Amino acid sequence: MRAGIVINVTSTDRHRLEAIVANRSAPQKHVWRATIILATADGCGTAEIMRRSGKSKPVVWAWQARFMAEGVAGLTRDKTRKPGKKPLPAGTVQRVVDLALGPPPGEATHWTGRMLAKAVGISLRSVQRILDAHQLAPHRIRTFKLSNDPKFAEKLKDIVGLYVDPPAHAVVLSVDEKSQIQALDRTQPGLPMKPGRAGTMTHDYKRHGTTTLFAALNILDGTVIGRNMKRHRHQEFIRFLDAIEAQVPRRKAIHAIVDNYATHKHPAVRQWLIRHPRWTLHFTPTSASWLNAVEGFFATLTNRRLKRGVFRSVADLKAAIDRFVAETNDDPKPFVWTADPKRVLAAVKRGKQALESIH
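Below or above, wherever it landed, is the structure these notes cover. Just so it is clear, the structure is predicted and the values come from calculations on it, not from any experiment.

1. Considerations on the pairing of strand S1 (residues 170-186)
The buried fraction of S1 amounts to 13 of the 17 residues, a majority that puts the element mostly inside the structure. Pairing between S1 and strand S4 (residues 253-258): five bridges, direction parallel. Opposite Leu173, over in S4, you have Ala256 as the bridge partner. Inspection of the sheet shows S1 paired to strand S2 (residues 205-218) by 11 bridges, in the antiparallel sense. The residue of S2 that forms the bridge with Ile181 is Thr211.

What follows is the structure in structure tokens.
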């Protein structure tokens with residue numbers, strides 16, 4: 001025991017301390033504090049008290065001193081602490097919010113945390129807390145494009161109807177092309193990832209040409225029909241339609257969802273459709289290609305195979321795309337539409353109203 005510490009535990013105190021230790025509902029901090037005093041009263045040394053309570057030497061000494069000064073009541077009461085820094089005045093918080101919602105000074109396009117901190121005269125961390133509390137992110141921006149198609153609602157319901165309730169004895173295909181896919185080769189080999197270091201890739205590259213991927217996503221089973229071609233004119237589109245025609249069983253009707261690209265509406269394509277009456281094209285609204293389900297496949301292809309890929313020729317690029325399509329077809333996942341068309345239409349209406357109010 002530390003010099004100067006004298007613990008006198010009366011029978012009443014011992015009874016109260018033992019009751020605290022035995023009480024399974026007592027806070028654990030009260031239990032180990034009582035254990036320290038009981039072990040001290042039993043004549044145990046500091047090392048033994050530390051072993052029994054699981055606390056450090058300074059903690060043991062501090063609570064022995066507390067018991068000497070205040071008794072058992074002192075063990076069950078925590079001393080109040082001085083509050084930390086005073087919270088920022090409401091006016092300061094509101095000024096940060098108002099500035100963040102308005103235009104920045106000078107030629108800057110947006111506020112930064114340091115700009116706000118300097119303008120208001122507070123720390124950067126305080127600004128970050130205020131922005132986080134008010135769910136403001138001046139450094140971020142989301143892109144959008146509202147469709148001006150007068151038949152937007154009609155086309156939306158038509159396409160969503162195909163996704164949600166496809167016609168019987170028919171195949172629903174989401175068709176599009178991903179053009180100008182570049183065969184990029186890096187100027188130096190990259191280094192692999194290891195603990196503490198991300199994988200590396202040179203910022204510059206060599207171009208070896210491009211290809212265009214025509215793809216048709218089967219909504220019902222998630223399989224993909226893909227063809228690589230040099231260009232994306234109506235001639236290539238008709239060749240791709242011929243490839244789909246050959247793969248889809250004759251007894252099934254084909255509903256193809258396409259965007260408003262001029263190739264899809266070319267007179268030669270229309271003549272081809274007349275010669276193949278089981279085909280029906282459904283056009284997405286203008287500026288609404290996100291309705292086309294195959295765009296999700298293109299995004300997956302880009303992120304998982306193309307973005308970090310190294311291709312030394314167009315042939316290498318085409319082979320990699322073909323392998324990715326084959327892997328997708330080995331484990332296909334049917335497309336499931338989850339968005340409520342009414343909510344989509346309501347969001348578009350709100351967006352148009354907001355634009356009109358600005359103008």
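Moving on from the coordinates now.
2. Side note on unusual backbone geometry
Both trends apply: most residues other than glycine have a negative phi, and most peptide bonds are in trans. Its identity as a non-glycine residue notwithstanding, His169 has a phi of 55°, on the positive side. Mapped onto the elements of the fold, His169 is located in the loop between helix H9 (152-164) and S1. Not every positive phi belongs to a glycine, and Ser287 is a case in point at roughly 60°. Among the structural elements, Ser287 can be located in the loop between strand S5 (279-283) and helix H12 (294-306). By relative accessible area, Ser287 is classed as partly exposed at 31%.

3. Looking at helix H8 (residues 124-133)
Here H8 has its buried residues at Ser126, Val127, Ile130 and Leu131. Burial along H8 is one-sided: seen end-on, the buried residues are contained in an arc of 135°. Exposed side of H8, more than 90 degrees from the buried face: Arg129, Asp132 and Ala133 are the residues found there. Of the surrounding secondary structure, the elements contacted by the buried residues of H8 are helix H6 (90-101) and helix H7 (113-120). Gln135 sits one or two positions beyond H8 and adopts a positive phi of about 55°.

Rules used in this analysis
Residues numbered from 1 in each chain as written. Predicted model: local features only at pLDDT ≥ 70, side-chain atom pairs only at ≥ 80, totals over all residues. Heavy atoms only, no water. Buried < 20%, exposed > 50% of the residue type's maximum accessible area, 1.4 Å probe, protein only. Helix = DSSP H or I, 4+ residues; strand = E, 2+ residues; numbered from the N terminus. Pairing = 2+ DSSP bridges. Arc of directions from axis to C-beta. Contact = heavy atoms within 4.5 Å.

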